[in-house]
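Commentary on secondary and tertiary structure
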Amino acid sequence: MKDVNELVQTVFSGLSPLVIEDVVDEGERVVVRARTPQDTAACPVCGASSGRVHGYHWRTVADVPVDERRVVVRVRVRRLVCPTRGCRHTFREQVPGVLDRYQRRTIRLTRQVKAAVKELAGRAGARLLAILAAGVSRHTALRALLRIPLPTGRVPRVIGVDDFALRRRHRYATVIIDAETHERIDVLPDRTADTLEAWLREHSGIEVVCRDGSATYAEAIRRALPDAVQVGDRWHLWHNLCEAALSEVKAHSACWATVLDAPIYDGPRAQTTLERWHQVHGLIDQGVGLLECARRLQLALNTVKRYADRPERMLRVPKYRASLVDPYREHLRKRRTEDPGVPVLHLFEEIKALGFTGCLNLLYKYINQGRADADRSHISPRRLARMLLTRPDNLKAEQHELLAKLTAACPEMTQLAAGIRDFAPLLTPHTDNPDALTRWIARVRTADLPHLHAFTQGLDRDIDAVIAALMLPYSNGPTKGVNTKTKQIARQMHGRASFTLLRHRILLG
């Protein structure tokens, strides 16, 4: 019998404040009968201790499962008489650490439920708990989740601010984190300047704010914290430079394509482009402004600005992607040189024996585009831009040689490569970077690179935050990481979670 008592105390150690009297196996569940100890209890109103019993009643609560079966605890609880005159007459004793007032689950089972719903929320959490024999409804799971207290930390010195979509292109929210510890601080219901400004005014002590290029956030920070340092996002700086570099590479397709003997796209779209270019320049030569050109031609203003460039910069290399035929291009080129009249079907059978997994139509299209007869495989503007923007140590020897030839195709390409090479080291924070950035902007503006000029104009509009980003070690990267996890949480709840529930899960981390 002693061994049985020790086993019961081991299995139900979480019920140690109670006196276990009996354990009954009812098949699908285990029923534990227990009572409270005969100690005195404190009145919840006046705090006076009492051991005088007024009566008894039974409480039935669920406990953590055992052997994949539900455990039900039936506890005999005393109702005691308060000894203080004028206080309540009687009160029901509580069992700290085991039972909470008005709850139908033990404290340790509640902890397990909260741990499951914190990760999985409603339906998924309810399914997991049902497998663990601690089944609750999805509504109960959500109530348990919302009862988990949110962390209340100090006001951080450095924060990160970024937006995320509640419903893409319709509703957005703002997340705020501690940029030093990566702890979530708060989630705001929108991304307006007034909302962020009000939050910043309520939380004094913030000295540095990391953000992206949003003018809305910049204005809110400037109004609420005029002395705070705004730090731009280095990733966005590099991303914007990449976009400008890609546009320049596309604009000079006619230059570097001659090195590869690559054809310039001359289809209907190219003809339409040149016709519009002549229409725009015809109006410009008559003294018509760009906005009036856009109205007369029924085009967007940005389109008219783009057509206002030189006609050579409107020509493009065809956008050929990597093909399954590329590994067999040399074989095709050799066979077509030896026998110009060889049927395509024969070539298809030959490369298929070599491991080609594509279809015959793919081979026909590849040959008709002239890609099989070129001296080297085709390179797209995006691929060339990627080589320009890749760290030189990560390029192969043949890529270095090809890149040197392509960037030497015209002075603008040479200046573009030099500009990218000089800007990349600035993304490593250093106190000398502001002066280096000023010199870099001056050099770029002397070159005929209009897309990089637009990039430098963007830097000028937010120059203080850009300089801070190039000097200080802080970054908005951790905020982007929180947003990535937020997207996972939103998808996990099928995008139907209310803002209150989503905010709760984000802040719980």
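Residues numbered from 1 in each chain as written. Predicted model: local features only at pLDDT ≥ 70, side-chain atom pairs only at ≥ 80, totals over all residues. Heavy atoms only, no water.

Tallying secondary structure elements over the protein chain gives 22 helices and twelve strands in all. Over its C-alpha trace the protein chain gives a radius of gyration of 35 Å, far above what one expects of a compact globule, namely 23 Å for 509 residues. By principal-axis analysis of the C-alpha atoms, the protein chain measures approximately 105 × 65 × 45 Å. Relative to its full complement of 509 residues, the protein chain shows a buried share of 41%. On the protein chain, the mean spot of the 79 positive side-chain charges and the mean spot of the 57 negative ones are 8 Å from each other. (Helix = DSSP H or I, 4+ residues; strand = E, 2+ residues; numbered from the N terminus. Rg over C-alpha atoms; globule rule 2.2 N^0.38 Å. Buried < 20%, exposed > 50% of the residue type's maximum accessible area, 1.4 Å probe, protein only. Lys, Arg positive; Asp, Glu negative; His and termini not counted. Charge placed at Lys NZ, Arg CZ, Asp CG, Glu CD.)

What follows concerns the sheet that holds strand S10 (residues 184-188). Pairing within the open sheet is mixed, and its five strands lie in the order S10-S9-S8-S11-S12. A single partner strand is all that each edge strand has here, and the edge strands are S10 and strand S12 (229-231). Each adjacent strand pair in this sheet contributes to an overall mean axis angle of 25°, direction not counted. Both strand S8 (residues 158-167) and strand S11 (residues 208-210) contribute to a ladder of three bridges, which runs parallel. Its bridge partner being in S11, Val158 is matched across the sheet by Val208. Most of the contacts of helix H5 (residues 193-202) go to S10, to which it runs at about 145°, and overall it touches S8, strand S9 (171-178) and S10. (Pairing = 2+ DSSP bridges. Axes fitted to C-alpha atoms, helices over the stretch in contact; angles between N-to-C directions. Contact = heavy atoms within 4.5 Å.)

Unlike most non-glycine residues, Ala121 shows phi in positive territory, near 65°. With respect to the helices, strands and loops of the structure, Ala121 is situated in the loop between helix H2 (107-120) and helix H3 (123-131). The exposure class assigned to Ala121 is buried, which follows from its relative accessible area of 1%. In this model, Arg169 sits at a positive phi of 70°, which is unusual for a non-glycine residue. Positionally, Arg169 belongs in the loop between S8 and S9.

Side chains of Arg123, Arg127, Arg138 and Arg496 sit close together on the surface and give a patch of like positive charge. Assignment of secondary structure puts Arg138 in helix H4 (residues 138-146). (Patch = residues over 30% accessible without salt bridge, like charges linked within 9 Å, V, L, I, M, F, W, Y side chains within 5 Å. Areas by Shrake-Rupley, 256 points an atom, 1.4 Å probe, with all protein chains shown as cover. Salt bridge = Lys/Arg side-chain N within 4 Å of Asp/Glu carboxyl O.)

This brings us to the layout of surface pockets. Any empty space left between the atoms is revealed when a probe the size of a water molecule rolls over them. Put simply, the second largest pocket is a space of about 640 Å³. Taken together, 29 residues form the lining of the second largest pocket, with Gly213, Gly458, Leu459, Arg461 and Asp462 sitting closest to its centre. Of all elements in the fold, only helix H6 (215-224), S12, helix H7 (234-251), helix H19 (450-461) and helix H20 (463-471) reach the threshold of two or more residues within the lining of the second largest pocket. (1 Å grid on protein atoms, 1.4 Å probe; cavity = no way out; pocket = protein on both sides within 12 Å on 5 of 7 lines; lining within 4 Å. Points joined across faces, edges and corners; volume = space filled by probe spheres on them.)

With that out of the way, let us pick up helix H18 (residues 433-446). Taking 1.5 Å as the rise per residue, H18 with 14 residues should run 20 Å; its terminal C-alpha atoms sit 20 Å apart, in good agreement. Buried within H18 are the following residues: Asn433, Pro434, Ala436, Leu437, Trp440, Ile441 and Val444. Viewed end-on, H18 has its buried residues packed into an arc of 155°, placing them on one side of the element. Those residues of H18 that are exposed and aimed more than 90 degrees away from the buried face are Asp435, Thr438 and Thr446. (Expected span 1.5 Å × (residues − 1). Arc of directions from axis to C-beta.)

This part is about the nonpolar core. With 38 residues, the main nonpolar core has Leu384, Leu416, Leu437 and Trp440 as its most contacted residues. Broken down by secondary-structure element, the contributors of at least two residues to this core are H7, helix H15 (381-389), helix H16 (397-407), helix H17 (411-423), H18, H19 and H20. With seven residues, the single largest contributor to this core is H7. Ala141, Val175, Val187 and Ile489 belong to the second largest nonpolar core, which has 26 residues in total. (Core = buried A, V, L, I, M, F, W, Y, C linked by side-chain atoms within 4.5 Å.)

Let us now look at the pairing of strand S5 (residues 53-66). Both faces of the sheet carry side chains from a regular strand, because those side chains alternate between them. Sheet analysis places S5 next to strand S6 (residues 69-81), joined by eleven bridges and oriented antiparallel. Within S6, the residue paired with Asp63 across the bridge is Val71. Counting the residues that bridge the hairpin from S5 to S6 gives two residues, and of these Asp67 lies at a positive phi of roughly 55°.

With that out of the way, let us pick up the pattern of salt bridges. One pass over the full model with this rule turns up 23 salt bridges. The partner of Glu26 in a salt bridge is Arg29, with the nearest N and O atoms 2.8 Å apart. Residue classification places Glu26 among the partly exposed positions, given a relative accessible area of 42%. Using a relative accessible area of 31% as the deciding quantity, one classes Arg29 as partly exposed. Arg223 is the salt-bridge partner of Glu219, the closest N and O atoms lying 3.8 Å from each other. Of this pair, Glu219 and Arg223 are both found in helix H6, four residues apart, which corresponds to roughly one turn of the helix. A relative accessible area of 28% places Glu219 in the partly exposed class. Overall, the relative accessible area of 30% leaves Arg223 in the partly exposed class. Within this structure, Asp194, Glu197, Arg201, Glu219, Arg222 and Arg223 form a network of salt bridges that share partners.

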